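Close look at the chain arrangement
Next come the chains, spelled out residue by residue.
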Amino acid sequence: MIEEAVPLLPDFDGARVAAESNYNGEQPERVLGAFALARAENARVLNGLTFEQLEREGSLEGVGNITLRRLAELMREHDEGHLEDLRVLRQRLTRSEGS
């Protein structure tokens, strides 16, 4: 999106990637560390962009035209959903340990 004019962006199938990566069989620290590195790189690139670059568009499969800024917001919203899932899981585990 930064260099191409309205590139086609394939939908990201997170469930498929998770299954293929066997996250459930990995050490949580390794998986979270890899995720943190990937998001840090995303943030590094995004922080270096100009307003005009953030407003560039691509065509996201299943969504339509979307700015790079909005794509970053969708990534953040998606990550926040996972964080909420982890908070709920931690609460459940804490409650079951106290029983």
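First things first, this report covers the structure right here in the doc. Remember, it's a predicted structure, so these values are computed and weren't measured experimentally.

Reading the values: rules and limits
Residues numbered from 1 in each chain as written. Predicted model: local features only at pLDDT ≥ 70, side-chain atom pairs only at ≥ 80, totals over all residues. Heavy atoms only, no water. Core = buried A, V, L, I, M, F, W, Y, C linked by side-chain atoms within 4.5 Å. Buried < 20%, exposed > 50% of the residue type's maximum accessible area, 1.4 Å probe, protein only. Contact = heavy atoms within 4.5 Å. Helix = DSSP H or I, 4+ residues; strand = E, 2+ residues; numbered from the N terminus. Axes fitted to C-alpha atoms, helices over the stretch in contact; angles between N-to-C directions. Parallel < 35°, antiparallel > 145°, perpendicular 65-115°, else oblique. Left-handed = near helix turned anticlockwise from the far one by under 90°. Nonpolar A, V, L, I, M, F, W, Y, C, P; charged D, E, K, R; others polar. Salt bridge = Lys/Arg side-chain N within 4 Å of Asp/Glu carboxyl O.

Judged by nonpolar contacts, M1, L9, L49, L54, L60, I66 and L68 together constitute the single largest core of seven residues. In this view, L60 contacts L9, P10, I66, L71 and L74; residues no more than four positions away in its chain are not counted.

In this section: the side chain of T67. Looking at the secondary structure, you find T67 in strand β3 (residues 64-67). Aside from chain neighbours lying at most four places away, what touches T67 is M1, L54, E55, R56 and E57.

Where helix α2 (residues 28-47) meets helix α4 (residues 68-98), the axes come as close as 12 Å, and the angle between the chain directions of the two elements is 155°. Relative to α4, the element α2 lies roughly antiparallel. α2 and α4 meet at a crossing whose hand is left-handed. When α2 is examined against α4, the residues F35, R39, N42 and L46 are found in contact with a partner set consisting of L68, A72, M75 and D79. Its residues placed into classes, the contact of α2 with α4 shows five nonpolar, one polar and two charged.

This part covers the pattern of salt bridges. Taken as a whole, this structure holds nine salt bridges when the rule is applied. Put simply, R69 and E55 hold a salt bridge, and the shortest N to O gap is 2.6 Å. Of this pair, R69 sits in helix α4 while E55 sits in the loop between α3 (51-54) and β2 (57-60), placing them 14 residues apart in sequence. Its relative accessible area of 31% is what places E55 among the partly exposed residues. Of the charged contacts, one joins E77 and R70 as a salt bridge, the two residues approaching to 3.1 Å between their closest N and O atoms.

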